[in-house]
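Summary of structural features
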Amino acid sequence: MLTGGPSYTGGVNRGPFLTPDVAVIGAGPIGLAIAWRCAARGLRVVVHDPAPGSGASHVAAGMLAPVAEAYFGEHELTALLTESAARWPAFAAELTGATGVDIGYRTEGTLMVGLTADDLAEARRLWAYQQELGLPVTPLRPSQLRDREPALAVRVRGGAFAATDHQVDPRRLVPALRLAAERAGATLVPEPVRTPADAGARVTVVAAGCGSAALTGLPIRPVKGQVLRLRAPDGGPPGFRHVIRGYADGEHVYLVPRADGEVVVGATVEERSDLAVGAGAVLRLLRAAIDLLPELAEYDLVEAIAGLRPGTPDNAPILGPLPGRPDVLVATGHHRHGIVLTPVTADLIADLVTGGSPDAIGSPFRPERFVTDAAADVAAADATAAADAIGSPLRPERFVAAGSGEGSGASGDATRPMQ
């Protein structure tokens, strides 16, 4: 628990010379949501980022897909995805209420389809596994698919419906989260920091996506994803309502419609760190998208962009105190799940900051599962600087629950779409 700092009388203390209670490094959806939650609890919060909202979230499609993203052998991650997706309706309503911003939250659900017999066979293996987990997957015949989405190609052999897989627009979400955090009292500092100690706060939260590796020594690597944005002709809405995730002649693709006429098409999964857009990737994505929805051939191509997801060796995020540094919390490594995991990550980290009882659902994602010599060196080198910057001893006991069960990458798996 945070103790020994400025007293609070129900509001945010904005004294200009006070040490921040919490410094958040990274102003993507994860960092901003954490800042919002902490500021709303009466803590003095500063967010450091020289380019807010310019990371993976600017490229992401915003699918909230605990069902479609449930993959073999990832039981604990699937549980976390499902829990966070269940929090999204209330989270979206609270955020819209706090800001008045439409974040593009839509609940029509997701259609998962296979174009050929081979595509359908591959998809059915995954759907069977998802059903075994008790996830809501409803198989559909081709005629039933086209009843829901008449624009689907007549070649589509079959599919399934995931009613609880929704969507949000990340390019609306991030500004809304920034506004909510600032209205709650958080301050944005558009400058980078080199170490957690440089933030000068009593507690630092590292939510810097791929940049978290240098700040923590943890194994977070960039996983490139290329994404396209189309626009429906004549300024109208797209000719389909559901998110569509498909297999088309072995190519995986997703199609996300927006009410304003935009369609997001994605995405590649590449173990690379450049941001170049390749002609081959554009060709593959467009071919698969048009094979599933032929009308997309008449849409305008308005953007081709690449982003870097923060991946980890076991595909799961890293949530909790940095080993040896209870004053440094980590919230990163979300890979393709950053948007859907925003609510649960913000709640878990805010609880740890304020000394609340850690939610057991975060336990499998603690940083110590990746403790390396590099991480230990970062922690040791930073400890003295942190004490000097704060101006008082760092007291681990203020984190009542630290280490007691708390918790912006598909390792070599090029079959998973970017979220």
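An account of the accompanying structure is given in this report. The structure presented is a predicted model; accordingly, all values stated were derived computationally and were not measured.

Notes on the sheet that holds strand S4 (residues 110-114)
Across the sheet, eight strands lie side by side as S5-S6-S4-S11-S12-S13-S10-S14; this open sheet has mixed pairing. For this open sheet the edge positions go to strand S5 (138-140) and strand S14 (300-311), each flanked by a neighbour on one side alone. Strand after strand, the sheet turns through a mean of 20° between neighbouring axes, direction not considered.

What to know about the pairing of strand S10 (residues 221-231)
Residues in a regular strand project their side chains so that they alternate between the two faces of the sheet. A large share of S10 lies buried, amounting to eight of its 11 residues. Sheet topology places S10 next to S14; 11 bridges connect them, and they run antiparallel. Looking across to S14, one finds that Arg231 is bridged to Asp300. Here S10 pairs with strand S13 (residues 262-266) via five bridges, running antiparallel. When the bridges of S13 are listed, Leu228 appears paired with Val265.

Focus on the pattern of salt bridges
Considering all chains together, one arrives at 29 salt bridges under this definition. With its nearest N and O atoms 2.6 Å apart, the salt bridge here joins Glu69 to Arg245. Highlighted residues: Glu69 in the loop between strand S3 (63-64) and helix H3 (75-99) and Arg245 in strand S11 (residues 243-248), separated in sequence by 176 residues. The buried category is assigned to Arg245, whose relative accessible area is 7%. Here Arg171 makes a salt bridge to Glu303, at a shortest N to O gap of 2.9 Å. With a gap of 132 residues between them, Arg171 in helix H6 (residues 170-183) and Glu303 in strand S14 connect regions that are remote in the sequence. Take Glu303: its relative accessible area is 21%, and that puts it in the partly exposed class. Several salt bridges share partner residues, and in doing so they unite Asp102, Asp169, Arg171, Arg172, Arg229, Arg231, Arg258, Asp260, Glu262 and Glu303 into one network.

Section: the layout of surface pockets
The volume enclosed by the second largest pocket comes to roughly 160 Å³. Forming the boundary of the second largest pocket are 13 residues, of which Pro66, Thr82, Ala85, Ala86 and Thr164 lie nearest the centre. Considering every element that reaches the lining of the second largest pocket, the biggest residue donor is H3, with five residues. Broken down by class, the residue content of the lining of the second largest pocket amounts to 10 nonpolar, three polar and no charged.

A short note on the sheet that holds strand S15 (residues 318-322)
Within the open sheet, the six strands sit side by side as S8-S2-S1-S9-S16-S15. Their pairing is mixed. Since the sheet does not close on itself, it has two edges, and those belong to strand S8 (187-189) and S15, each with one partner. The average angle at which neighbouring strand axes cross in this sheet is 20°, direction not considered. Pairing of strand S2 (residues 45-48) with S8, which is carried by three bridges, proceeds in the parallel orientation. Pairing of Val46 across the sheet is with Thr187, part of S8. In the packing of helix H1 (residues 29-40) onto the sheet, contacts are made with strand S1 (22-25), S2, strand S9 (203-206) and strand S16 (325-332), and the angle to S2 comes to roughly 170°.

Looking at H6
Given a rise of 1.5 Å per residue, 14 residues ought to cover 20 Å, and the 20 Å separating the end C-alpha atoms of H6 matches this to within 8%. Looking at H6, one finds that the buried residues are Pro170, Leu173, Val174, Ala176, Leu177, Ala180 and Ala181. Down the axis of H6, the sector holding all buried residues measures 165°, keeping them to one side. Measuring from the backbone nitrogen of Arg171 back to the side-chain oxygen at the start of H6 gives 3.0 Å, which picks out Asp169 as the cap. One or two steps after H6, the chain reaches Gly185, where phi turns positive at roughly 115°.

Let's talk about the side chain of Gln130
Relative to the helices and strands, Gln130 resides in helix H4 (residues 117-132). Excluding residues that lie within four positions of it along the chain, Gln130 makes contacts with Val67, Ala68, Ala70, Met112, Leu135 and Val137.

Considering the packing of H1 against helix H9 (residues 342-353)
When two helices pack together, their arrangement is captured by the angle between the axes and the distance separating the axes. Following both chains from N to C, one finds H1 and H9 inclined at 45°, their axes separated by 8 Å at the closest point. In terms of orientation, H1 lies oblique with respect to H9. Considering the relative orientation of H1 and H9, their crossing is right-handed. Two secondary-structure elements touch here, H1 through Pro29, Ile30, Ala33, Ile34, Arg37 and Cys38 and H9 through Thr342, Thr345, Ala346, Asp347, Ile349, Ala350 and Val353. Here the contact of H1 with H9 is built from residues that sort into nine nonpolar, two polar and two charged.

Rules behind the numbers
Residues numbered from 1 in each chain as written. Predicted model: local features only at pLDDT ≥ 70, side-chain atom pairs only at ≥ 80, totals over all residues. Heavy atoms only, no water. Pairing = 2+ DSSP bridges. Helix = DSSP H or I, 4+ residues; strand = E, 2+ residues; numbered from the N terminus. Axes fitted to C-alpha atoms, helices over the stretch in contact; angles between N-to-C directions. Buried < 20%, exposed > 50% of the residue type's maximum accessible area, 1.4 Å probe, protein only. Salt bridge = Lys/Arg side-chain N within 4 Å of Asp/Glu carboxyl O. 1 Å grid on protein atoms, 1.4 Å probe; cavity = no way out; pocket = protein on both sides within 12 Å on 5 of 7 lines; lining within 4 Å. Points joined across faces, edges and corners; volume = space filled by probe spheres on them. Nonpolar A, V, L, I, M, F, W, Y, C, P; charged D, E, K, R; others polar. Contact = heavy atoms within 4.5 Å. Expected span 1.5 Å × (residues − 1). Arc of directions from axis to C-beta. Polar contact = N/O pair within 3.5 Å; in protein donor to acceptor, adjacent residues only side chain to side chain. Parallel < 35°, antiparallel > 145°, perpendicular 65-115°, else oblique. Left-handed = near helix turned anticlockwise from the far one by under 90°.

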